Amino acid sequence: MADYLSRPIADLAERLRDGTITAIALAEEAIERHAKYGAALNAYKTWDAQRLRRAARAADIALRGGGPAGPLHGMPVSVKDLYGVEGYPTFAGTPTRLPAAWEQEGPLIRRLRRQAAVITGKTHTVEFAFGGIGTNRHWGAPRNPWGGAAHRISGGSSSGAGVSLGEGSAILALGTDTGGSVRLPATFTGNVGLKTTSGRWSCDGIVPLAPTLDTPGILARSVADAAYAFAALDPGAPDLRSFMTRVAGADVAGLRIGFSEPFMWEDLDPGIGAAAKRALDEVARKGARIVPFDIPEFKESYEMHLKGSVLSVELKQFLDDELPQWKTTLDPVIQRRVEDGGSISAIEYIRRRRFIVEKGKAANARLAEVDVLVTPMSPLSPPRLEDVSAIDDYVRHNRKSFRFSCPINNLGLSALTIPVGRDAAGMPVGLQLVARSHAEERLLEVRAAFERVLGTARQRLGAPPLAKLPTDNTKRSQNR
Amino acid sequence: MSDLIDRSIPELAIGLREGRIKAEALAEEAIARHARYGKPLNAYKLWKPEVAKRMARAADALFKAGYDLGPLQGIPVSVKDLYAVKGWPTFAGSPKRLPREFEVEGPIIAGLRRQHAVFPGKTHTVEFAYGGIGWNPHWGTPRNPWDAKAHRVPGGSSSGAGVSLAEGSALVALGSDTGGSVRVPASLTGNVGIKTTFGRWSTEGISPLSPRLDTPGILTRSVADAAHAFGAIDLECAEAASVAGLRIGVCDKLWWDDCSPGIAEGVKRALDELVKAGAKLVKFDLPGLKPVYDCFRQGGIVSVEFYSFLQNRLPQWIKTLDPMVVQRFAKARELSGVEFVRRCQLFDDHAKVANERLREIDVLVSPTVAITPPKLKDVSTVEGYGPRNLLTLRNTTIGNLMRLCAVTMPVALDKARMPVGLQLMARGGDDARLVGIALACERVLGTGAKRMGLPPMCRR
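Residues numbered from 1 in each chain as written. Chains lettered and ligands numbered in written order. Predicted model: local features only at pLDDT ≥ 70, side-chain atom pairs only at ≥ 80, totals over all residues.

Draft legend 1. Region of interest: the overall build of chain A. Scanning chain A from N- to C-terminus turns up 18 helices and eleven strands. What you see for chain A is a C-alpha radius of gyration of 21 Å, in line with the 23 Å of a compact globule of 480 residues. In terms of its C-alpha atoms, chain A occupies a principal-axis envelope of roughly 55 × 55 × 40 Å. Expressed as a percentage of the 480 residues in chain A, the buried residues total 57%. At a minimum sequence separation of 6, the contacts of chain A that also span at least 24 residues come to 79%. (Helix = DSSP H or I, 4+ residues; strand = E, 2+ residues; numbered from the N terminus. Rg over C-alpha atoms; globule rule 2.2 N^0.38 Å. Buried ≥ 20, exposed ≤ 12 C-beta atoms within 10 Å, placed from the backbone. Contact = placed C-beta atoms within 7 Å.)

Encoded structure:
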């Protein structure tokens, strides 16, 4: 294998333009990787090698004919199966294909298309994206490539997104994040995850979970890739070249880094706190200032999220009105939460909406005092599949998983996660960087500065032990 | 008495800048007018002649020193008692002063203060702006100056706003509009009203009724004044459009049903005049009109948003609420979150389609209010109030629910010799263009004063 796909996106884009490589070569490499690991890892709901090749050949023809259509020209990108993509069914993690209206493309997919990016397929999602663990009783849970011989969960709800990067069939993955669904799978699979501020990227053409909290996002293997993809996809995009230069030149010296105890640093699974704090120490040694920082809205919004926030109400309304038949086949865990939504009064719902707006304002004001706030991305080490198969175990782990991620959605902030080490179980640990609303550019710069001190994910964590995966046939039966 | 205050704002603005007119003289006239007409009309909750004079003198001093800080410098602007004004209590139509956080000024007041407009006082409002009639049992209902014999209602919820213009104590009146609360009082008192597109002007510093629908707005005596004031608050300026070739959409459903004698006729006569000047009438069905109105009739979202606000922020104010208001809460308490989200979704979905369809025409028209302003005695019972309140708001509330912008302008007197308003509506965000169209219409039709004369209770 030529192993082109391990390179940074910017590097690949350049080689594509100078003719050193072709889109079809990249596509064949993606197909080869998927053939090798796909059955064991189960990242994709829909994988269509023929369609992928067709798109890659078209990208090559377009490149020779008219030059590059955009920064992601010819780049293999996986898409969460919540996005409408023409030619692909949308299941949204349910057992039944959704009506054709949900296959219509929204602005984000159209941006990918206009740039002649190559869609590799549609990755698995938790049913209607309602859960942070990544399990799916209809289609199986994708396997975390870091678990080796054990089937550990990959995080959700964009459960196949990080795995598609891990197996190497895609170099960028589109996900969605309502309470952590981009950042949790990113951290659990050792990737970078960026959740955009609510309203920054349109959710049209994406099956909703809770429209007032839903946000699209991206998973990538490195900070540089994430910054590149962000600039390529953002409608108010900064100029790509100058943005990449700025990101590359960012420095940690003088950064004010908010550090908030105890809520964000207690009840962590073994090794998570140590790995995260080690990374912080390294950054501090290079001149960043760690500042004690108080942000009570974090805990308050987690507590509201545990009560269902606005999710269960908004999802119930959507299912009642748009997809009533899909309610009969819901995973019981999700069904229970949807039915909970039916018992919430309008007054309580409005109270929660107001809480979100007011606490969000307060949190935004506080965050003006620091450059970023840091937290561990998840207090949970990705559990083994069998440890979450009983409903009670699932609920307990799920509630723990989104403790530090859901406040970001409920407070309307921007956040991203960066892999910084491994926990006691050898699984990746992510550090979450939080900033005010619409601070994505700044966050990417700060994160790049972090990466210059800490090294890239690959340097710090090594490569996922794909060689330890079980062989194809045994795993396929287990997954279904 | 001289008649500075009867001149148009653009004219006064020039005079002030050329030094021929003093803001203080203008303020004194406003004060004199209030002394002469104010008592029976009861427009103000809080009347502050000394403050107004002080502000006017400051405006004059600035003019004299060469400072022109904005189009409304030196112009008297009355403020609905829902807006926070530093140092003045906010009652929001309730019997008790609200907590101090409701006295923190928002961007509209702060902006007007920066350009040294003159605030003579705070005008009455329906309790927490919840109602279109203008009724207020705690502080009395301001009187509509167009009927010297009977106490007719002035429209609400900005119930004192239109009256303050009629008596001549202000040249601009700030109001807020959740279902018609700017346009209804403007129409019933023979004035112009602008309801801005939702989200265009900040509602910060204004006591909320239904945060998903609340919009600030202004009332003035003429469209020329309205355009001037609009430009002082908005980032855009309104330029007069042309009536020739103007595509005026007329929807023959709902808006024209059950009109009191003379209202539909008065509006149609004005439309005929516009046609003679070159406008084209186009039959236009606003998509979603029926489902949106039906949902409104079932209770919509205002009562539940309002109740939720009171429960969370002002629980002490619930027990003193007007019984007319309280009776509408029973249903709100029982409403489920899912049903609330469904209603919001329904409004948003139809609003999207309607706004798209409105590209086919320049402006959509209707009577602003279907009925003649009721006599106070006819609305002082729950049975009398309910249906009249609904009918008063019917034609305006669609604009809020559909996310449109709208203007009302006075065009006629009805059979009861009460003012009739023509409502102009346009796509959300087209506020400046809409005001420009209204300006062109006014040039053809003439101002309210020209068409209808002065209100009998304010004759000079």
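There is more to say, and it comes next.
Draft legend 2. Just helix α7 (residues 223-233) of chain A, in detail. Burial of α7(A) is extensive: eleven of the eleven residues sit out of reach of the surface. Every buried residue belonging to α7(A) is among Val223(A), Ala224(A), Asp225(A), Ala226(A), Ala227(A), Tyr228(A), Ala229(A), Phe230(A), Ala231(A), Ala232(A) and Leu233(A), and all of these are buried.

Draft legend 3. Broad picture of unusual backbone geometry. In this structure, Ser157(A) follows Gly156(A) across a cis peptide bond, with omega equal to 5°. Among the secondary structure elements, Ser157(A) is positioned in the loop between β3 (118-123) and α5 (161-167). Omega for the peptide link from Gly156(B) to Ser157(B) comes to 5°, which places this bond in the cis form. By secondary structure assignment, the location of Ser157(B) is in the loop between β3 (121-123) and α5 (161-167).

Draft legend 4. Looking closely at the pairing of strand β4 (residues 172-177) of chain B. Residue and element names in this part refer to chain B. Counting buried residues in β4 gives six out of six residues, a clear majority hidden from the surface. Here β4 shows no split at all, with Val172, Leu174 and Ser176 on one side and Ala173, Gly175 and Asp177 on the other all buried. Bridge count for strand β2 (residues 77-80) against β4 is three bridges, and the pairing is parallel. Counted as the bridge partner of valine 79 is leucine 174 from β4. The pairing of β4 with strand β6 (residues 215-220) spans six bridges and is classified as antiparallel. The residue bridging serine 176 from the neighbouring strand is proline 216, located in β6. (Pairing = 2+ DSSP bridges.)

Draft legend 5. Broad picture of the interface of chain B and chain A. Contacts between chain B and chain A engage 16 residues on the former and 17 residues on the latter. Sorting the residues of the side of chain B that touches chain A by element identifies α10 (302-313) and α13 (337-357) of chain B as the ones contributing at least two each. With seven residues, the single largest contributor to the side of chain B that touches chain A is α13(B). Looking at the side of chain B that touches chain A residue by residue, the classes come out as six nonpolar, six polar and four charged. (Nonpolar A, V, L, I, M, F, W, Y, C, P; charged D, E, K, R; others polar.)

Draft legend 6. Structural context of the nonpolar core. Val77(A), Val118(A), Leu433(A), Val77(B) and Val118(B) are the most contacted members of the largest nonpolar core, which totals 268 residues. Counting residues per element, this core draws most heavily on α7(A), which supplies ten residues. Excluding anything up to four places from it in sequence, Val77(A) contacts Leu72(A), Leu112(A), Ala117(A), Val118(A), Ile119(A), Thr120(A), Ala170(A), Leu172(A) and Leu174(A). The next biggest cluster of nonpolar side chains, apart from the first, holds seven residues, and it includes Tyr37(A), Tyr44(A), Val163(A) and Leu469(A). (Core = buried A, V, L, I, M, F, W, Y, C linked by C-beta atoms within 7 Å.)

Draft legend 7. Region of interest: the packing of helix α2 (residues 23-41) of chain A against helix α3 (residues 49-66) of chain A. All names here are of chain A. As a packed pair, α2 and α3 sit with axes 7 Å apart at the nearest point and diverge in direction by 160°. The orientation of α2 relative to α3 falls into the category roughly antiparallel. Two packed elements cross with a definite hand, and for α2 against α3 that hand is right-handed. Where α2 abuts α3, its residues Ala23, Ile24, Leu26, Ala27 and Ile31 lie against Ala49, Leu52, Arg53, Ala56, Arg57, Ala59 and Asp60. Looking at the contact of α2 with α3 residue by residue, the classes come out as nine nonpolar, no polar and three charged. (Axes fitted to C-alpha atoms, helices over the stretch in contact; angles between N-to-C directions. Parallel < 35°, antiparallel > 145°, perpendicular 65-115°, else oblique. Left-handed = near helix turned anticlockwise from the far one by under 90°.)

Draft legend 8. Inspection of the sheet that holds β3(A) at higher detail. Residues and elements named next belong to chain A. Strand order across the open sheet formed by eleven strands is β1-β3-β2-β4-β6-β5-β10-β11-β9-β7-β8, with mixed pairing between neighbours. Both edges of this open sheet fall to β1 (44-47) and β8 (289-292), since each of them pairs with a single strand only. Neighbour-to-neighbour, the strand axes of this sheet turn through a mean angle of 30°, independent of strand direction. Two elements, strand β10 (residues 414-422) and strand β11 (residues 428-435), share eight bridges in a ladder whose sense is antiparallel. Opposite arginine 422, over in β11, you have proline 428 as the bridge partner.

Draft legend 9. Up close: the sheet that holds β6(B). Residue and element names in this part refer to chain B. With respect to topology, eleven strands assemble into an open sheet ordered β1-β3-β2-β4-β6-β5-β10-β11-β9-β7-β8, the strand pairing being mixed. A strand with exactly one partner marks an edge of an open sheet, and here the two such strands are β1 (44-47) and β8 (280-283). Geometrically, the sheet is characterised by an average inter-axis angle of 30° between neighbouring strands, direction not taken into account. Looking at chain direction, strand β10 (residues 405-413) and strand β11 (residues 419-426) are connected through eight bridges and run antiparallel. Bridge pairing in β11 links threonine 408 to glutamine 423. In the packing of helix α8 (residues 263-276) onto the sheet, the strands contacted are β7 (247-250), β8, β9 (363-367), β10 and β11, and the crossing angle to β10 comes to about 100°. Packed on one face of the sheet, helix α14 (residues 382-401) meets β4, β5 (192-195), β9, β10 and β11 and runs near 20° to β11.

Draft legend 10. Structural view of the packing of helix α8 (residues 240-249) of chain A against helix α16 (residues 440-454) of chain A. Residues and elements named next belong to chain A. Taken N-terminus to C-terminus, the directions of α8 and α16 make an angle of 45°; their axes are 7 Å apart at the nearest point. Taken together, α8 and α16 sit at an angle that is classed as oblique. From α8, Arg246, Val247 and Ala248 reach across to α16, where they touch Leu444, Glu445 and Ala448. Here the contact of α8 with α16 is built from residues that sort into four nonpolar, no polar and two charged.

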